[in-house]
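Notes for the structure review
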Amino acid sequence: MLYSRYFIPTIKETPSDAEVVSHQLMLRAGMIRKLASGIYNYLPLGLRSLRKFENIVREEMNKADAIEMLMPSVQPAELWQESGRWAFYGKELLRFKDRKEAEFCMGPTHEEVITDMVRREIKSYRQMPLNFYQIQTKFRDEIRPRFGLMRGREFIMKDAYSFDVDSAAADLSYEKMYNAYMRIFERCGLNFRAVEADTGSIGGSSSHEFMVLADSGEDAIVSCNACRYAANVEKAESPLFTASSDAALEALVKVSTPEMKTIADVAAFMHVASNTTIKTLVYASEAGDLVMALLRGDHELNELKLKNHLGWDDIQMASEEQILACTGSPVGFLGPIGLKREIPVIADRVVQGMTNVVVGANEKDQHFKNVNCGRDFDVSTFVDIRIVAAGDACPRCQSGKLEMWRGIEVGHVFKLGTKYSKALNATYLDANGREQIIFMGCYGIGIGRTVAAAIEQNHDENGIIFPIPIAPFHCSVVAVNTKDSGVMAAAEEIYLCLEKLGIEVLFDDRDERPGVKFKDNDLIGIPIRIVVGSKGLAEGNVEVKIRSTGEVLQLSLGEVVSAVTLRIGTALAHSQ
RNA sequence: CGGUGAGUAGCGCAGCCUGGUAGCGCACCUGCCUUGGGAGCAGGGGGUCGCUGGUUCGAUUCCAGUCUCACCGACCA
């Protein structure tokens, strides 16, 4: 490719509205341009990287026996009404009507469409297992699109759906996809973790997220430093609580604690450690149901765990009026003792072993000390509702400690069970001629997001450092002075030779000063740069610079093509 | 959705308080010069100041409305 004939509109200054590095660099490198909030043009260079990654995904999907197809992005409302998600999905689902007033939506995901196809075509157990995938544009009307391709509204996704005769067979399909995902992200040279995850709005029984580690990641994850346990913090189990104290129970005392509203204030005021206090929270459902949650003072509530435990669709902190009505106390002095109105009290498991603790007295400026569960108040259920913290013991191996990371969710695999097949009545006949419900799984990879995550993980102050498998070009040839016919001839020959060998080369033949070309080459992240200049050429040499390491090699004209080809070939083979 | 802030040339911004039809840097075009890390000189093109209405002789500037965009959003009982 001739740079002068191609289209790479690079930007010198960092656009002011780009917050994260990958967004800034993709704009500056001329890979993307914003069309509207969360909606982007993929410019030629950006598209090349996306296609590279898509092809890696495609290869691994095919190897794992998934079959490619393509579904429409516009979907009829009826299917969504049938699955029950038309009402459930909320504003993220972009809905509209056609000229006949028939309702449609832009597909945010394709369980309904694929399940509809399968129920029409699949009749027998002999036709399974089946796994269909597509690489296609999705639309989700996100509340707050941000970070460029990281959280767009329109985005490219690979989604796959498996269909099996029973749960055990579905587990095998899940396993195959899990392994394929591991290979995909390994091939891209990414530092990532596969973590246990909540199933969220997609539903289903269990799932893993694939998280690229990056400080700018929107998710918090933990992993054990001894065993393979890793989980999204939303999902991460806290370690089993151990041993209760055998301290003697002391008499309950009410203490005046004026204006002491936070755990830190109260603990400091009473000269106790915050882990000998109990934090009392009141939560409400949308319907107005209330629940009280108790946690050790230095712990934090995992709202998702509480919500899942209660089986509520929605959970939020109770309003001050709601709190006053059930406890009789303003926020800051809440506790489980002497409630005005009976509400369920859910306590974290750790609370069970605490003795002589401090809690709010449900009275302004008053706390109790020497409070003991069972004697002074009752708990409806003890259950794990706290957010794990770095340094917690691993819930699996017990011996390891949990480490915390920030992660970017680039892939997600779910066991769906029969959630959609039941709703849409996707059945088959088993060997005995009996009708059975199909077991499903679904598997997604954010294509644009993965490329962005790769940039997030591979860049320096000069720009992107693309891993060769997803770089838009393998290498570039830079002619230092285009007016020098000797330089141009030598550069062109190298360029043509490499192209002939199937290497993707960007030939920077622009009539620009060398500094401009070097800056652009660094910015757009070309992994290997071949510089042809008059000085080196006088000695029969060209310079080869490796973007990732900064390594500079002086190679003769005779050896440069084979050396570069070998290097690229090795990098690509290594990633297969 | 709520809070905050911003819309002036392709990009980044100034001007607005104190109304008189707009400026800077980068980018772009022409010429000269230059060619190993975003050079220099000279000349030039480009803006109904987000939109609508109001006040005024006159509005980018003041007022009202509206649209768009960006950032933040329980850190807690």
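Thresholds, definitions, all that
- Every chain's residues receive numbers from 1 upward, in the order its sequence appears when written.
- Chain letters start at A and ligand numbers start at 1, both assigned in the order the entries are written.
- This being a predicted model, a pLDDT of at least 70 is required before a residue's local features are given, and a value of 80 or more before pairs of side-chain atoms are given or counted; all residues contribute to the totals for chains, interfaces and linings.
- Processing note: side-chain calculations cover all non-hydrogen atoms of the structure and skip hydrogens and water entirely.
- What counts as a helix is a DSSP run of H or I of at least four residues, what counts as a strand is a run of E of at least two, and both are numbered from the N terminus.
- What makes two residues a contact is simply this: any of their non-hydrogen atoms within 4.5 Å.
- Surface exposure here means Shrake-Rupley accessible area, sampled with a 1.4 Å probe, where a residue is shielded only by the protein chains that are shown.
- Asp and Glu count as negative and Lys and Arg as positive, but His and the ends of the chain are not part of the count.
- Each charge is placed at NZ for Lys, CZ for Arg, CG for Asp and CD for Glu.
- Residues enter a nonpolar core if they are buried and are Ala, Val, Leu, Ile, Met, Phe, Trp, Tyr or Cys, with the set joined through side-chain atoms within 4.5 Å.
- Relative accessibility under 20% of the residue-type maximum defines a buried residue, over 50% an exposed one, and the middle range a partly exposed one, all with a 1.4 Å probe and only protein chains included.
- Bear in mind that the domain bounds are from an automatic or database domain assignment.
- Whenever a carboxyl oxygen of Asp or Glu lies within 4 Å of a side-chain nitrogen of Lys or Arg, that contact is scored as a salt bridge.
- Expected span, for any helix, means 1.5 Å times one less than how many residues it has.
- Pairs of N or O atoms within 3.5 Å make up the polar contacts considered here, provided that, within protein, one atom can donate a hydrogen while the other can accept it, and that residues adjacent in sequence are counted only when both atoms are side-chain atoms.
- Proximity is defined per residue: if any heavy atom of the residue lies within 4 Å of a molecule or strand, that residue is considered near it.
- Think of it as the arc spanned by the lines of direction from the helix axis to the C-beta atoms.
- Throughout, the accessible surface (probe 1.4 Å) given up by two parts as they are put together, summed over both, is called the buried area.
- Each residue is assigned to one class: nonpolar for Ala, Val, Leu, Ile, Met, Phe, Trp, Tyr, Cys and Pro, charged for Asp, Glu, Lys and Arg, and polar for all the others, Gly among them.
- Paired strands are those between which DSSP finds at least two bridges.
- Residues are called lining when one of their atoms sits within 4 Å of a cavity or pocket point, these points coming from a 1 Å grid over the protein atoms alone, where a cavity is a set in which a 1.4 Å probe fits but cannot get out and a pocket is an open set with protein on both sides within 12 Å along at least five of seven lines.
- Grid points are joined across faces, edges and corners, and a volume is the space filled by probe spheres set on the points.
- The axes are straight lines fitted to the C-alpha atoms, using for helices just the contacting stretch, and the angles between their N-to-C directions are given from 0 to 180°.
- When describing relative orientation, an angle under 35 degrees is termed roughly parallel and one over 145 degrees roughly antiparallel, while 65 to 115 degrees is termed roughly perpendicular and anything else oblique.
- Take the far helix as your reference; a near helix turned counterclockwise from it by less than a right angle gives a left-handed crossing, and one turned clockwise gives a right-handed crossing.

With respect to the overall build of chain A
- Helix and strand counts for chain A come out as 15 helices and 31 strands.
- By sequence separation, contacts in chain A at least 24 residues apart represent 68% of the contacts at least 6 residues apart.
- Carbon and sulfur atoms form 50% of the exposed surface of chain A, whose accessible area is close to 25900 Å².
- Put simply, chain A has 65 plus and 78 minus side-chain charges, and the middle of one group is 2 Å from the middle of the other.

A look at the nonpolar core
- Formed by 61 residues in total, the largest nonpolar core has its most connected members in Met-31, Phe-53, Met-61, Tyr-181, Ile-184, Phe-185 and Phe-210.
- The leading source of residues in this core is helix α6 (residues 167-187), at seven residues.
- When residues are assigned to domains, this core turns out to be shared by domain 1 (15-237 + 404-456) and domain 3 (473-574), each giving three or more.
- Leaving out residues up to four positions away in the same chain, Phe-53 has contacts with Ile-184, Phe-185, Cys-188, Ile-445, Gly-446, Ile-447, Thr-450, Val-451 and Ile-470.
- Grouped together as the second largest cluster of nonpolar side chains are 26 residues, Ala-491, Ile-494, Ile-546 and Val-560 included.

Description of the pattern of salt bridges
- Tallied over the entire structure, the rule returns 38 salt bridges.
- Notably, a salt bridge pairs Glu-504 with Arg-48, separated by 3.3 Å at the nearest N-O pair. With Glu-504 in the loop between α12 (485-500) and β28 (505-508) and Arg-48 in helix α2 (residues 44-63), this residue pair connects regions lying 456 residues apart in the sequence.
- Residue Glu-504 is classed as partly exposed on the basis of its relative accessible area of 24%.
- Among the ionic pairs, Asp-376 bridges to Arg-375, the shortest N-O distance being 3.0 Å.
- Several salt bridges share partner residues, and in doing so they unite Glu-59, Glu-60, Lys-63, Arg-183 and Arg-187 into one network.

Some details on α6
- For α6, with 21 residues, the first-to-last C-alpha span of 30 Å sits near the 30 Å given by 1.5 Å per residue.
- Among all positions of α6, only Ala-169, Ala-170, Ser-173, Tyr-174, Met-177, Tyr-178, Ala-180, Tyr-181, Ile-184, Phe-185 and Arg-187 are buried.
- The backbone nitrogen of Ala-168 lies 3.3 Å from a side-chain oxygen of the residue at the head of α6, namely Asp-166.
- Within two residues after α6, Gly-189 carries a phi angle of roughly 70 degrees, on the positive side.

Side note on the protein's contact with RNA strand B
- In the region of RNA strand B, 42 residues are neighbours, and Arg-144, Lys-261, Thr-262, Asp-522 and Glu-543 sit closest.
- Counting only atoms of RNA strand B within 4 Å of the protein, the fraction found in sugar and phosphate groups is 43%.
- Within the side chain of Arg-28, one N or O atom sits 3.3 Å away from a base oxygen of RNA strand B.
- In the model, a base oxygen of RNA strand B is placed 3.3 Å from a nitrogen or oxygen of the Lys-545 side chain.

Focus on helix α9 (residues 320-327)
- When α9 is considered as a whole, its buried residues turn out to be Ile-323, Cys-326 and Thr-327. In an axial view of α9, the angular spread of the buried residues amounts to 85 degrees, which keeps them on one side of the axis.
- In this structure, the buried side of α9 is in contact with β14 (278-284) and β15 (290-296).
- Backbone geometry just after α9 places Gly-328 at a positive phi near 80 degrees.

Re the domain arrangement of chain A
- Under the domain assignment, chain A is made up of domain 1 (15-237 + 404-456), domain 2 (253-383) and domain 3 (473-574).
- A C-alpha centroid distance of 39 Å is found between domain 1 and domain 2.
- The contact between domain 1 and domain 2 buries some 370 Å² in all, and 44% of this surface belongs to carbon and sulfur atoms.
- Counting the contacts that link domain 1 with domain 2 gives zero salt bridges.
- Across the side of domain 1 that touches domain 2, the residue classes break down as two nonpolar, no polar and four charged.

So, the sheet that holds β15
- What the five strands build is an open sheet, ordered β16-β14-β15-β17-β20; its pairing is mixed. The open sheet has two edge strands, β16 (316-317) and β20 (381-383), and neither has a second partner.
- Where strand β17 (residues 345-348) lies against β20, three bridges are found, and the strand directions are parallel. Within the sheet, the bridge partner assigned to Asp-348 lies in β20 and is Val-383.

Overview of empty space enclosed by the protein
- In the structure shown here, the tally under the stated rule is one cavity of 30 Å³ or more.
- Every residue along the wall of the largest cavity is listed here: Phe-147, Met-150, Arg-151, Ser-216, Gly-217, Glu-218, Asp-219, Gly-407, Ile-408, Glu-409 and Arg-449.
- Ranked by residue count, the leading element in the lining of the largest cavity is strand β21 (residues 402-417), at three residues.
- Of the residues in the lining of the largest cavity, the class split is three nonpolar, three polar and five charged.

Quick notes on the packing of helix α1 (residues 21-28) against helix α11 (residues 447-457)
- Between α1 and α11, the shortest axis-to-axis distance is 8 Å and the interhelical angle comes to 105 degrees. Between α1 and α11, the angle falls in the class roughly perpendicular. Counting all contacts with α1, which are made through Val-21, Ser-22, Leu-25 and Met-26, the residues of α11 involved are Val-451, Ala-452, Ile-455 and Glu-456.
- Broken down by class, the residue content of the contact of α1 with α11 amounts to six nonpolar, one polar and one charged.

With respect to the sheet that holds strand β5 (residues 95-97)
- Spatially, β4-β6-β5 is the arrangement adopted by the three strands of the open sheet, whose pairing is antiparallel. Two strands bound the open sheet, and with one partner strand each, they are β4 (74-76) and β5. Strand-to-strand twist of the sheet, defined as the mean angle between neighbouring strand axes without regard to direction, takes the value 40 degrees.

A closer look at the pairing of strand β2 (residues 39-42)
- Relative to β2, strand β1 (residues 32-36) runs antiparallel, the two sharing four bridges. Paired with Lys-34 across the two strands is Tyr-40, which belongs to β2.
- Taking the residues that link successive antiparallel strands as the turn, the β1-β2 hairpin has two residues, and the phi of Gly-38 there is positive, at about 75 degrees.

Description of the packing of α2 against α11
- Where α2 meets α11, the closest approach of the two axes is 9 Å, and the angle between their N-to-C directions is 110 degrees. One element, α2, and the other, α11, form an angle in the roughly perpendicular class. The two elements α2 and α11 meet at a crossing, and its hand is right-handed. Of the residues in α11, those touching α2 at Ser-49, Leu-50, Phe-53, Glu-54 and Val-57 are Ile-447, Gly-448, Thr-450 and Val-451.

What to know about the environment of Ile-11
- Along the chain, Ile-11 turns up in the segment before α1.
- A relative accessible area of 28% means that Ile-11 is categorised as partly exposed.
- Between the C-alpha atom of Ile-11 and that of Leu-523, which follows or precedes it by 512 residues, the distance is 9.4 Å.
- Once you skip the residues sitting within four places of it in the chain, Ile-11 turns out to touch Leu-27, Arg-28, Arg-33 and Leu-523.

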